[in-house]
Amino acid sequence: THTHTYMMLRFLTTTVGRNSKQVGFTSLQKWNGEFLQQAASLSSASKKSKAIIDFRSDTVTKPTPEMRNAMANAEVGDDVMCEDPTVQKLENMAASLLGKEAALFVSSGCMGNGISIASHCQRREELICGDKSHIFNYEVGNASTLFGVSMYPLANNSDGTIPIEKIASAIRPVDVHCTHTRLVCLENTQNVCGGTVLPMDYVSSVRNLCDANDITFHLDGARVGNAAVFLGMDVKDVVQPYDSVNLCLSKGLGAPVGSVIAGTKDFIATARHVRKLVGGGMRQAGILAAAGILALEHMPNLKHDHDNATLLAANLANMPEHFCIDPSTVQTNMVMFKFNSEGRYTLAEGINALKEVGVLVGGSYFPDQVRAVLHRDISSNDVEEASERIKQALDSLSG
């Protein structure tokens with residue numbers, strides 16, 4: 001807390017001051033002054049602080065008391081030896097939920113996608129993905145840097161789809177000069193496009209194209225639970241067309257750590273080997289898997305986040321002097337908007353003004369856009385409170 005930090009800084013600066021002759025008085029005077037100024041700032045902030053309302057991402061959720069209790073009491077074993085009963089329960093539950101033969105618990109969505117790609121593809125082969133996909137932009141290029149799989153990015157439409165004809169034209173011919181197209185990767189919901197949901201008829205068309213060209217089909221389904229809720233479908237039906245799927249447990253579902261990947265038994269056997277290759281064996285991982293089990297049970301409640309996203313978008317739309325936003329584009333738990341500052345302030349200044357009143361938002365793939373993500377730790381009352389703070393902050397900033 002601010003009080004504890006202040007006390008610590010006072011202790012440090014007083015102690016250093018006593019020893020100033022040994023280490024140089026001038027430099028320590030400057031050091032003391034900087035830290036005392038920071039301590040005073042923290043102390044002042046603690047008196048004026050409001051509860052933080054954090055819209056930066058659905059990864060900021062805290063484990064529920066039920067999760068913490070389940071983690072503390074989890075039955076565990078050595079998961080690398082396939083002897084952790086809680087991990088096995090999570091994997092069986094995930095496989096059943098997703099309608100696949102088997103599943104594997106991994107430490108993150110980034111690891112899940114990378115392992116899936118490496119399990120489908122050999123070095124020198126290629127995957128096709130969207131130019132706004134998480135796989136292409138935000139996973140440190142692991143498909144290429146770690147596994148030798150080249151990526152062919154195609155332009156996403158605003159709804160997250162990639163035109164079928166573009167995918168078809170990107171498939172490599174059988175030619176000694178070319179790599180081999182092995183995999184198509186889609187993302188649902190599509191993060192950069194604002195949490196948009198892929199239409200099922202579109203997914204079926206991509207599946208047919210893959211079948212016609214002997215290409216495997218992977219889903220980055222980090223938020224596929226949100227897609228299922230939006231479509232009003234069972235999640236297993238949403239992911240049925242794909243050979244493999246990666247589902248994140250630590251985003252809207254609220255677990256502290258982890259993802260699950262699912263597919264055929266042969267695919268998961270290979271994935272387990274690749275997981276070990278990248279250092280993903282976690283031994284007594286049941287402590288983490290216990291929270292994942294409760295996270296999967298939370299999936300139907302994601303509609304709460306969608307409703308709050310709709311509420312936030314409507315509130316921002318009622319401030320046209322401050323925001324450019326189309327509420328009709330909100331499908332799931334993400335709200336994308338722009339500041340209507342007309343040169344009065346920069347995007348960074350707008351974001352900082354919200355931060356000053358305890359409302360945290362994130363930047364976006366697009367340099368002039370802001371993203372707000374709703375999650376299980378934010379209530380409708382929080383949305384209303386945040387909306388009031390936002391208006392006050394931007395009224396003040398605009399002068």
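What you are looking at is a predicted structure, and each value in this text was computed from that prediction instead of being measured. (Residues numbered from 1 in each chain as written. Predicted model: local features only at pLDDT ≥ 70, side-chain atom pairs only at ≥ 80, totals over all residues. Heavy atoms only, no water.)

**A short note on helix α15 (residues 303-317)**
Spelled out, the test is: Under the DSSP-based scheme used, a helix requires at least four consecutive residues in state H or I and a strand at least two consecutive residues in state E, with every element numbered from the N terminus. In a helix, the anticipated span is given by 1.5 Å times the number of residues less one. Only protein chains enter the area calculation, which uses a 1.4 Å probe; residues under 20% of their type maximum are buried, those over 50% are exposed, and those in between are partly exposed.
Here α15 spans 21 Å end to end across 15 residues, near enough to the 21 Å set by a 1.5 Å rise per residue. Those residues of α15 not exposed but buried are Asp305, His306, Asn308, Ala309, Leu312, Ala313, Asn315 and Leu316.

**Focus on the sheet that holds strand β4 (residues 150-154)**
What counts, and what does not: For two strands to pair, DSSP has to find at least two bridges joining them. Helix axes use the C-alpha atoms of the stretch in contact, all axes being lines fitted to C-alpha atoms, and the angles between their N-to-C directions lie in the range 0 to 180 degrees. Note on definitions: a residue-residue contact is assigned when non-hydrogen atoms from the two residues lie within 4.5 Å.
As summarised here, the arrangement of the seven strands in space is β2-β8-β7-β6-β5-β3-β4, forming an open sheet in which the pairing is mixed. The sheet terminates laterally at β2 (102-106) and β4, the two strands that pair on one side only. Ignoring strand direction, the axes of neighbouring strands in this sheet form an average angle of 20 degrees. Pairing of strand β5 (residues 180-187) with strand β6 (residues 216-220), which is carried by five bridges, proceeds in the parallel orientation. Residue pairing for β6: Cys185 is matched across the bridge by His218. Each of β2, β7 (244-248) and β8 (259-263) is contacted by helix α5 (residues 85-98), which is oriented at about 125 degrees to β2, the strand it contacts most. Strand contacts of helix α6 (residues 109-120): β2, β3 (125-130), β5, β6, β7 and β8, with the helix running at about 170 degrees to β7, the strand carrying the most contacts.

**A few points about the packing of aromatic side chains**
Geometrically, a pair of aromatic rings is defined through the distance of the ring centres and the angle of the planes. How we decide: Pairing of aromatic rings covers Phe, Tyr and the six-membered ring of Trp, with a centre-to-centre limit of 6.5 Å; geometry is then stacked below 30 degrees between planes, edge-to-face above 60, and tilted otherwise.
Here the structure, examined in full by the defined rule, presents six aromatic pairs. Ring plane angle 90 degrees and centroid distance 5.2 Å describe the contact between Phe323 and Phe337, whose orientation is recorded as edge-to-face. Of the two residues, Phe323 is situated in strand β9 (residues 323-324) and Phe337 in strand β10 (residues 334-339); the sequence distance between them amounts to 14 residues. Summarising the aromatic geometry, the rings of Phe337 and Phe339 are spaced 6.0 Å apart at their centres and angled 85 degrees between planes, so their arrangement reads as edge-to-face. Its relative accessible area of 4% is what places Phe337 among the buried residues. The exposure class assigned to Phe339 is buried, which follows from its relative accessible area of 11%. Through a chain of ring-to-ring contacts, three or more aromatic side chains come together here, namely Phe323, Phe337, Phe339 and Tyr345.

**Structural notes on the confidence of the model for the protein chain**
Do not read the fine detail of predicted coordinates wherever pLDDT is low. Filter applied, for reference: In predicted models, pLDDT denotes the confidence assigned by the predictor to each residue on a 0 to 100 scale.
On average, the protein chain scores 90 in pLDDT, and the residues at 70 or more come to 88%. The low-confidence segment residues 1-32 (pLDDT under 50) makes 25 contacts with residues lying over four places distant or belonging to another chain. Contacts of residues 38-48 to residues separated by more than four positions or lying in other chains number 10 contacts, the stretch itself having pLDDT below 50.

**Focus on the packing of α6 against helix α13 (residues 265-277)**
Note the threshold: Note on convention: the crossing is left-handed when the near helix lies turned anticlockwise from the far helix by less than a right angle, right-handed when the turn is clockwise. Note that Gly is not counted as nonpolar here; it falls among the polar residues with everything else outside the nonpolar set of Ala, Val, Leu, Ile, Met, Phe, Trp, Tyr, Cys and Pro and the charged set of Asp, Glu, Lys and Arg.
Following both chains from N to C, one finds α6 and α13 inclined at 115 degrees, their axes separated by 9 Å at the closest point. Between α6 and α13 lies a crossing of right-handed hand. Every residue of α13 that contacts α6 at Met111, Ile115, Ser116, Ala118, Ser119 and His120 is listed here: Phe267, Thr270, Ala271, Val274 and Arg275. Taken together, the residues of the contact of α6 with α13 sort by class into six nonpolar, four polar and one charged.

**Quick look at unusual backbone geometry**
The linkage connecting Asn188 with the following residue, Thr189, adopts the cis geometry, with an omega of 5 degrees. Its place among the elements puts Thr189 in the loop between β5 and α10 (200-212). One non-glycine residue, Arg283, adopts positive backbone phi at about 55 degrees. Position of Arg283 among the secondary structure elements: in the loop between α13 and α14 (286-297).

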